[in-house]
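Here's the letter readout for the chains.
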Amino acid sequence: MQQTLRRNDPCPCGSGKKYKRCCLKKEETQAVSDWSQTVPRAIKWLMAEHPHAVREALDNGFFGSLDENEGKILHAHKSWETTLINALDWLLAEGTITVEGSELRVSELLLEGGPRFLLNSGNGSSESRLRP
C-alpha cells in the first residue's frame, strides 16, 4: 500500500528537511513547466482531427486579406515561422473552424473534445479534460 506524502512529512530524498521546504517546490516547478507542451499538443490534435478545417480557417481568417502573390511573398520571407506561430495563436484564441457543417470556436472544441492533458493533483496524477 502506497503511503500519501504530506507537506510536513520528512522529505523522502533524505535531506532532513520537511517535504514542503525541499522536493515539493521542485515538483511544483516541474508541474508548471510540463504545461509548456499544452499548445503544441493542442495544435497537433487539431491538425490530426480537422486538417482541412484548420487550413481553411487560417487561409480565410488569418491570411484572408492576402492575395495569392502576397501569400507567396510572405511564405518565402524570413519572418514566415513567426507569422505562422501568430496565426496558430490566433486560431487557438479566436479562430473558428467548420466541422460537419457547424462553425465551432476552436477554444471550445479543444475544451470539450480535444486532447486529454495529464493533471497533477499532488497525490498522484489523473487524466482529465481541461476546463476554464
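Each remark here, short or long, concerns the structure printed above.
As the structure is a computational prediction, the values presented were derived from the model and not from experiment.

Thresholds, definitions, all that
- Residues numbered from 1 in each chain as written.
- Predicted model: local features only at pLDDT ≥ 70, side-chain atom pairs only at ≥ 80, totals over all residues.
- Heavy atoms only, no water.
- Core = buried A, V, L, I, M, F, W, Y, C linked by side-chain atoms within 4.5 Å.
- Buried < 20%, exposed > 50% of the residue type's maximum accessible area, 1.4 Å probe, protein only.
- Helix = DSSP H or I, 4+ residues; strand = E, 2+ residues; numbered from the N terminus.
- Contact = heavy atoms within 4.5 Å.
- Expected span 1.5 Å × (residues − 1).
- Pairing = 2+ DSSP bridges.

1. Thoughts on the nonpolar core
When a protein is soluble and globular, its nonpolar side chains tend to lie buried together. Counting 18 residues, the largest nonpolar core has Leu46, Leu58, Leu91, Leu92, Ile97, Val106 and Leu110 as the members making the most contacts within it. Where this core is concerned, the elements lending two or more residues are helix 2 (38-49), helix 3 (51-62), helix 5 (80-94), strand 1 (96-99) and helix 6 (106-113). When residues no more than four places from it in sequence are discounted, the contact partners of Ile97 are Leu46, His50, Ala53, Val54, Ala57, Leu91, Ser102, Glu103, Leu104, Val106 and Leu109. Listed in part, the five residues of the second largest apolar core include Cys11, Tyr19, Cys23 and Leu24.

2. Some details on unusual backbone geometry
Its identity as a non-glycine residue notwithstanding, Glu100 has a phi of 50°, on the positive side. As for its position among the elements, Glu100 is in the loop between strand 1 and strand 2 (102-105).

3. Details of helix 5
Its 15 residues give helix 5 an end-to-end C-alpha distance of 20 Å, which sits within 8% of 21 Å, the value for a rise of 1.5 Å per residue. When helix 5 is considered as a whole, its buried residues turn out to be Thr83, Ala87, Leu88, Leu91 and Leu92.

4. A closer look at the pairing of strand 1
The two faces of strand 1 differ: Ile97 and Val99 on one face are buried, but Thr96 and Thr98 on the other face are not. Taken together, the four bridges between strand 1 and strand 2 define a ladder with antiparallel strand orientation. What sits directly across from Ile97, in strand 2, is Leu104. Adjacent in sequence and paired antiparallel, strand 1 and strand 2 are bridged by two residues, among which Glu100 carries a positive phi angle near 50°.

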